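Descriptive structure summary
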Amino acid sequence: MAESSYATMANYPIAVIGPQYCAPHQVDLVISRKVKTLRHGDIVVSDMHGNFVFKVKGTTFGWHDKRVILDAADNPLITLKQKILSEHSRWNAFRGENRDDDKDFLFTIKMPSIFQWKTKLAVFLANNNSKEKDCDYLIKGSWSDRSCVIYAGDSSTVVAQMHKKITHKSLLIGKDNFMVTVYSNIDQAFIVSLIVILDAINVAGNEAAIGAAVDVGAAFGAGF
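Each value, and the rule that gives it
- Residues numbered from 1 in each chain as written.
- Predicted model: local features only at pLDDT ≥ 70, side-chain atom pairs only at ≥ 80, totals over all residues.
- Heavy atoms only, no water.
- Helix = DSSP H or I, 4+ residues; strand = E, 2+ residues; numbered from the N terminus.
- Buried < 20%, exposed > 50% of the residue type's maximum accessible area, 1.4 Å probe, protein only.
- Phe/Tyr/Trp six-rings, centres within 6.5 Å; stacked < 30°, edge-to-face > 60°.
- Lys NZ or Arg CZ within 6 Å of the ring centre and 35° of its normal.
- Polar contact = N/O pair within 3.5 Å; in protein donor to acceptor, adjacent residues only side chain to side chain.
- Contact = heavy atoms within 4.5 Å.
- Core = buried A, V, L, I, M, F, W, Y, C linked by side-chain atoms within 4.5 Å.
- Pairing = 2+ DSSP bridges.
- Salt bridge = Lys/Arg side-chain N within 4 Å of Asp/Glu carboxyl O.
- pLDDT = per-residue confidence, 0-100.

1. A few points about unusual backbone geometry
Although it is not a glycine, Glu 132 adopts a positive phi angle of roughly 60°. With respect to the helices, strands and loops of the structure, Glu 132 is situated in the loop between β8 (119–125) and β9 (137–141). Looking at Glu 132, the relative accessible area reads 30%, which means it is partly exposed. Located in the positive-phi region is Asn 185, a residue other than glycine, with phi close to 65°.

Rendered as structure tokens:
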């Protein structure tokens with residue numbers, strides 16, 4: 001998608017989930033990552049004042065993986081589901097909870113290539129008619145370094161980015177958390193949903209690596 005399509009982004013809200021999640025100014029969000037004793041959910045998203053903005057609950061059963069994003073009042077906003085046995089790692093997003101209907105479909109996100117040294121994910125909105133040739137958003141960077149950047153289409157226009165805690169404000173949020181800066185008029189709920197999928201893909205990758213290491217260790221232990 002051409003960069004010129006986003007020339008008016010600074011003046012008009014880009015709402016994927018809803019215009020109420022678009023602010024006319026830059027917003028910093030704090031992501032608290034899966035603390036077992038956290039009663040508010042698997043992941044909590046708050047503002048810099050400690051106010052809860054979103055909560056994320058995740059479930060894994062069999063081959064299926066799902067995340068539900070709720071607002072601060074526990075209303076389900078988005079259901080994220082991993083598409084099983086797809087050619088590329090793919091997640092689909094639906095409005096509300098436990099939805100699979102086409103009318104509730106919001107977007108799909110997938111890896112352009114299975115083998116990646118660094119994170120690269122393409123996002124296609126429900127109204128994209130390019131047959132997944134032109135993405136609406138592109139995520140690049142390194143999840144392990146918390147330095148992923150979200151671009152508008154295949155352009156240099158940054159709409160949000162993850163970063164380490166290097167400001168005086170970020171020193172207050174704890175060493176196990178990280179921040180996401182969402183730029184003006186960009187849907188914060190949408191950006192959070194992309195971060196949640198990034199987290200899920202990273203967790204799955206780590207679990208697969210651990211499983212492979214265990215298998216190798218068992219093989220050597222058995223004398224192979």
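2. A closer look at the packing of aromatic side chains
Going through the model one piece at a time under the given rule, you end up with four aromatic pairs. An aromatic cluster is built from Phe 107, Tyr 137 and Phe 190, whose rings are joined through pairwise contacts. It is Lys 140 that lies over the ring of Tyr 151; its NZ or CZ is 5.9 Å from the centre.

3. With respect to the side chain of Asn 92
As for its position among the elements, Asn 92 is in strand β6 (residues 90–95). For Asn 92, a relative accessible area of 16% corresponds to the buried category. Side-chain polar atoms of Asn 92 contact the side chain of Thr 108, separated by 2.7 Å. Once residues within four sequence positions are removed from consideration, Asn 92 is found in contact with Thr 79, Leu 80, Lys 81, Lys 83, Phe 105, Phe 107 and Thr 108.

4. Observations concerning the nonpolar core
Membership of the largest hydrophobic core comes to 48 residues, with the highest contact counts inside it found for Phe 107, Phe 190 and Ile 191. Counting residues per element, this core draws most heavily on helix α1 (residues 188–221), at 11 residues. Sequence-distant contacts of Phe 190, defined by excluding residues within four places in its chain, comprise Val 16, Ile 17, Phe 107, Val 123, Leu 125 and Tyr 137.

5. A look at the pairing of strand β7 (residues 105–110)
Successive side chains on a regular strand alternate, one facing one side of the sheet and the next facing the other. The buried fraction of β7 is high, at five of six residues. Sheet topology places β6 next to β7; five bridges connect them, and they run antiparallel. Among the inter-strand pairings, Trp 91 is bridged to a residue of β7, identified as Ile 109. Where β7 meets β8, four bridges bridge the pair, whose relative direction is antiparallel. Along β8, the bridge assignment pairs Phe 107 with Leu 125.

6. Side note on the pattern of salt bridges
This structure, assessed with the given rule, holds five salt bridges. Of the charged contacts in the structure, one is a salt bridge between Asp 74 and Lys 55, with a shortest N-O distance of 3.1 Å. Taken as a pair, Asp 74 in the loop between β4 (64–71) and β5 (76–83) and Lys 55 in strand β3 (residues 52–61) lie far apart in primary sequence, 19 residues in all. One salt bridge in this structure joins Asp 65 and Arg 67, with 2.5 Å as the shortest N-O distance. Arg 67 carries the same exposure label as Asp 65, and that label is buried.

7. Quick look at the environment of Val 56
Among the secondary structure elements, Val 56 is positioned in strand β3. In this structure, the C-alpha to C-alpha distance between Val 56 and Leu 70, residues 14 residues apart in sequence, is 6.2 Å.

8. A short note on the environment of His 49
Among the secondary structure elements, His 49 is positioned in the loop between β2 (43–46) and β3. C-alpha separation for the pair His 49 and Leu 29, spaced 20 residues apart in sequence, amounts to 9.7 Å.

9. Here's the deal with the confidence of the model for the protein chain
In the predicted model, the protein chain carries a mean pLDDT of 78, and 69% of its residues have values of at least 70. Per-element averaging of pLDDT across the protein chain places α1 at the bottom with 65 and strand β10 (residues 149–152) at the top with 95. Under a pLDDT of 50 for its full length, residues 1–8 has, in the predicted model, 11 contacts with residues more than four places off or in other chains. Taken together, the stretch residues 206–220 has pLDDT below 50 and engages in one contact with residues farther than four places along the chain or on a different chain.

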